[in-house]
Amino acid sequence: MNQKNNKVCPVEMAGGLDNILRRIAQNPQKILKPYIKPGMSVLDLGCGPGFFTVEIAKLLNGSGKVIAADLQQGMLDKITCKIAGSGLENQISLHKCKEDTIGVSENVDFILAFYMIHEVPDQKKLFTELVSILNAKGEMLIVEPNFHVSENDFKKMLQICEVSGFSAIAYPKSFMNRSVLLKKNKH
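Only a predicted model underlies this, so the values are computations on that prediction, with no experimental measurement involved.

### Some points on the packing of aromatic side chains
So, point 1. This model, assessed by the stated rule, comprises six aromatic pairs.
So, point 2. Their ring planes at 40° and their centres at 4.4 Å tell us that F52 and F114 sit as a pair that is tilted. Placement of the pair is F52 in the loop between β1 (41-45) and α3 (53-59) and F114 in strand β4 (residues 108-114), with a sequence separation of 62 residues.

Have a look at this one:
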């Protein structure tokens with residue numbers, strides 16, 4: 001995850017990532033409820049200000065863990081403020097990614113990568129690392145915006161996923177987005 005990549009959404013724009021209009025257009029509960037179950041360990045990759053992080057923790061219903069991972073400390077600071085006193089502090093672990101690696105050392109049951117894959121210059125390296133983080137029966141949901149990612153670019157990303165050890169198992173419908181649910185290939 002390259003911080004020098006100028007495509008990374010800056011902390012100053014975090015308000016645009018977490019507001020009522022987005023909540024209406026991209027309802028986190030509706031998007032994630034089919035995938036998140038109590039007791040799971042979930043990686044919210046490129047979590048930004050925690051738009052999905054908090055909702056994942058709520059879906060875990062007091063059992064399980066969310067790792068909110070982001071390249072920018074400012075985004076993680078926003079989550080810290082958001083969850084202070086909410087009772088979710090023990091379920092949400094904040095993780096600052098390094099410039100060229102996610103750096104999460106534990107395995108997870110589910111990975112959410114919402115609007116962030118297109119920001120990563122070395123997708124092969126990213127997906128190779130994600131395969132190593134995901135549990136054998138785990139799944140990963142990738143959602144990319146149509147306005148940033150063409151159909152051709154999305155197909156290229158899927159090819160990189162396959163070479164890295166993932167298989168597409170579904171293409172969930174998502175308004176004005178391209179989405180794929182992936183599983184880890186068996187070795």
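Next, the rest of the story.
### Remarks on unusual backbone geometry
So, point 1. Positioned with a positive phi, N61 is a non-glycine residue whose angle comes to about 55°.
So, point 2. Summarising the element assignment, N61 is placed in the loop between α3 and β2 (65-70).
So, point 3. Given a relative accessible area of 61%, N61 falls into the exposed group.
So, point 4. At Y115, a position not held by glycine, the phi torsion is positive, near 60°.

### Considering helix α5 (residues 123-133)
So, point 1. If you check which residues of α5 are buried, you get Q123, L126, F127, E129, L130, V131 and I133.
So, point 2. Buried-residue contacts for α5 involve β1, β4, β5 (134-145), α6 (151-164), β6 (166-170) and β7 (177-184).

### Brief notes about the pattern of salt bridges
So, point 1. In the structure shown here, the tally under the stated rule is four salt bridges.
So, point 2. Residues E55 and K58 are paired through a salt bridge, measuring 3.6 Å at the closest nitrogen-oxygen approach. Of the two residues, E55 and K58 are both situated in helix α3; the distance of three residues between them amounts to about one turn of the helix.
So, point 3. Accessibility expressed as a relative area gives 46% for K58, which makes it partly exposed.

### A look at the pairing of β5
So, point 1. Of the pairings in the sheet, the one linking β4 to β5 comprises six bridges and is parallel in character. Looking across to β5, one finds that V108 is bridged to L134.
So, point 2. The parallel pair β4 and β5, bridged by α5, forms a crossover whose chirality is right-handed.
So, point 3. Here β5 runs beside β7; their pairing, made up of seven bridges, is antiparallel. Looking at β7, one finds that I142 is bridged to V180.

### A closer look at the confidence of the model for the protein
So, point 1. In the predicted model, the protein carries a mean pLDDT of 88, and the fraction of residues at 70 or more is 87%.
So, point 2. Across residues 1-6, where pLDDT falls below 50, the model places 19 contacts with residues more than four positions away in sequence or in other chains.

### Brief notes about the sheet that holds β2
So, point 1. Read from one edge of the open sheet, seven strands run β3-β2-β1-β4-β5-β7-β6, paired in mixed fashion. The open sheet has two edge strands, β3 (92-96) and β6, and neither has a second partner. Across the sheet, the mean angle from the axis of one strand to that of its neighbour is 25°, orientation sign disregarded.
So, point 2. Relative to β7, β6 is paired through four bridges, and the arrangement is antiparallel. Within β7, the residue paired with S167 across the bridge is K183.
So, point 3. Contacts from α5 reach β1, β4, β5, β6 and β7, with the element oriented near 140° to β5.
So, point 4. The sheet strands contacting α6 are β5, β6 and β7, and the helix crosses β7 at an angle near 5°.

Rules used in this analysis
- Residues numbered from 1 in each chain as written.
- Predicted model: local features only at pLDDT ≥ 70, side-chain atom pairs only at ≥ 80, totals over all residues.
- Heavy atoms only, no water.
- Phe/Tyr/Trp six-rings, centres within 6.5 Å; stacked < 30°, edge-to-face > 60°.
- Helix = DSSP H or I, 4+ residues; strand = E, 2+ residues; numbered from the N terminus.
- Buried < 20%, exposed > 50% of the residue type's maximum accessible area, 1.4 Å probe, protein only.
- Contact = heavy atoms within 4.5 Å.
- Salt bridge = Lys/Arg side-chain N within 4 Å of Asp/Glu carboxyl O.
- Pairing = 2+ DSSP bridges.
- Right-handed = clockwise from strand over helix to strand, strands pointing away.
- pLDDT = per-residue confidence, 0-100.
- Axes fitted to C-alpha atoms, helices over the stretch in contact; angles between N-to-C directions.

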